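A look at the structure
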Amino acid sequence: MQSFVTLSDEELIDLLFCEEDRLPMAAVDEFLRRGDRLASELSEIVCAKNNWICDVPEWWAAVHATYLLGVIGGETAIAPLLSALRWSDSFDCDWITEDLPSIFGRIGTASLAPLRSIAFDATAGWGARTIAMQGMAAVTIYHPEHADEVFSSIGEIFLNPSDQQGTDQMAAGILLDFLRREYYQPLLDFAEEEQAQKEEDPLYPAVLFKDEVKRLFEQGERNLWHYTRDWLDFYDAENIRERQERWAREEQEADDEEEMFPYTRHKVGRNDFCPCGSGKKFKRCCGLN
């Protein structure tokens, strides 16, 4: 196994730009051992827009730098992580958007105020606002003394009739995940409205149904996996191996399909809305099969 201890800081940083999604855990451990010493360079990588839109292999550097800053933590990590929120949402980097809630949860209470600002910023877009709300909710797992304050803010967005479509749905989902009893009846009412719209328009992307809300509150088990994900699992050797096999399989399937149907094939992108009408992205719906 390669030793990374002897690498200079510059050589270690260079690995982020060339190892794609195969950076080994041993290298990550060395980053974390050096900790704050590399935080400034990691922050520069995360904050630079070009790093989120460049080609592979350099593209992966922003993902690695975000993950590493999330573990190094501290208040100085908040600003670059907010940049990661902005860029990952803007350029649909779901590796980061899916892990930022748990990252902010680990950062703690210092992230609440800036996240709340994003959550209430109507110009931020529903995706960024959702990540901000999820991050705020994740903080309450480790700091329950802030729960009433946080969920009051999320509830305000949920109950605001003038807010843009989508934000209220995501806020409702968070309140349901954490089984906030004070919003039980509003969630039932909202789910009923969602179901009615779905019946009227089968393509309407409903996210809640009344029976589901009742069932989850009756079971009493909060659904918090999304808020407590260990993003360093990305560097687990078995996960790295499975990703490489998946990339190779998908590439082969695409080549085979292109060969069979060179003119008529219509490929649904992973980030396109699923053609089944669920309202979810293809990768989160039929694309899972």
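Up top is the structure these notes are about.
Criteria and thresholds
Residues numbered from 1 in each chain as written. Predicted model: local features only at pLDDT ≥ 70, side-chain atom pairs only at ≥ 80, totals over all residues. Heavy atoms only, no water. Phe/Tyr/Trp six-rings, centres within 6.5 Å; stacked < 30°, edge-to-face > 60°. Buried < 20%, exposed > 50% of the residue type's maximum accessible area, 1.4 Å probe, protein only. Lys NZ or Arg CZ within 6 Å of the ring centre and 35° of its normal. Core = buried A, V, L, I, M, F, W, Y, C linked by side-chain atoms within 4.5 Å. Helix = DSSP H or I, 4+ residues; strand = E, 2+ residues; numbered from the N terminus. Contact = heavy atoms within 4.5 Å.

A few words on the packing of aromatic side chains. A full pass over the atoms with the stated rule returns 13 aromatic pairs. For the pair Phe 234 and Tyr 235, a centre-to-centre distance of 5.1 Å together with 80° between the ring planes defines the contact as edge-to-face. Tyr 235 carries the same exposure label as Phe 234, and that label is buried. Three or more aromatic residues joined by ring pairs make a cluster, and in this case those are Trp 59, Trp 60, Tyr 67, Trp 95, Phe 234, Tyr 235 and Trp 247. Arg 86 extends its terminal NZ or CZ atom over the ring of Trp 87, reaching a point 4.2 Å from the ring centre. Sitting over the face of the ring of Tyr 184, Arg 181 holds its NZ or CZ atom 5.2 Å from the ring centroid.

Let's shift gears to the nonpolar core. Among the nonpolar cores identified, the biggest contains 79 residues, and Leu 16, Leu 42, Ile 154 and Leu 187 are the most heavily contacted of them. Of all the elements, helix α5 (residues 60-72) adds the most residues to this core, at 9 residues. Not counting residues within four places of it along the chain, the set of residues in contact with Leu 187 comprises Phe 158, Ala 172, Leu 175, Leu 176, Leu 208, Val 213 and Phe 217.

What follows deals with helix α8 (residues 100-107). The α-helix winds at 3.6 residues per turn, so residues separated by three or four positions along the chain end up facing the same way. The element α8 is extensively covered by neighbouring structure, given that 7 of its 8 residues are classed as buried. For α8, the complete set of buried residues consists of Leu 100, Pro 101, Ser 102, Ile 103, Phe 104, Gly 105 and Ile 107. Looking at the packing, one finds that the buried side of α8 touches α5, α6 (78-90), α7 (94-97), α9 (112-119) and α10 (126-142). Looking one or two residues beyond α8, the residue adopting positive phi is Gly 108, at roughly 105°.

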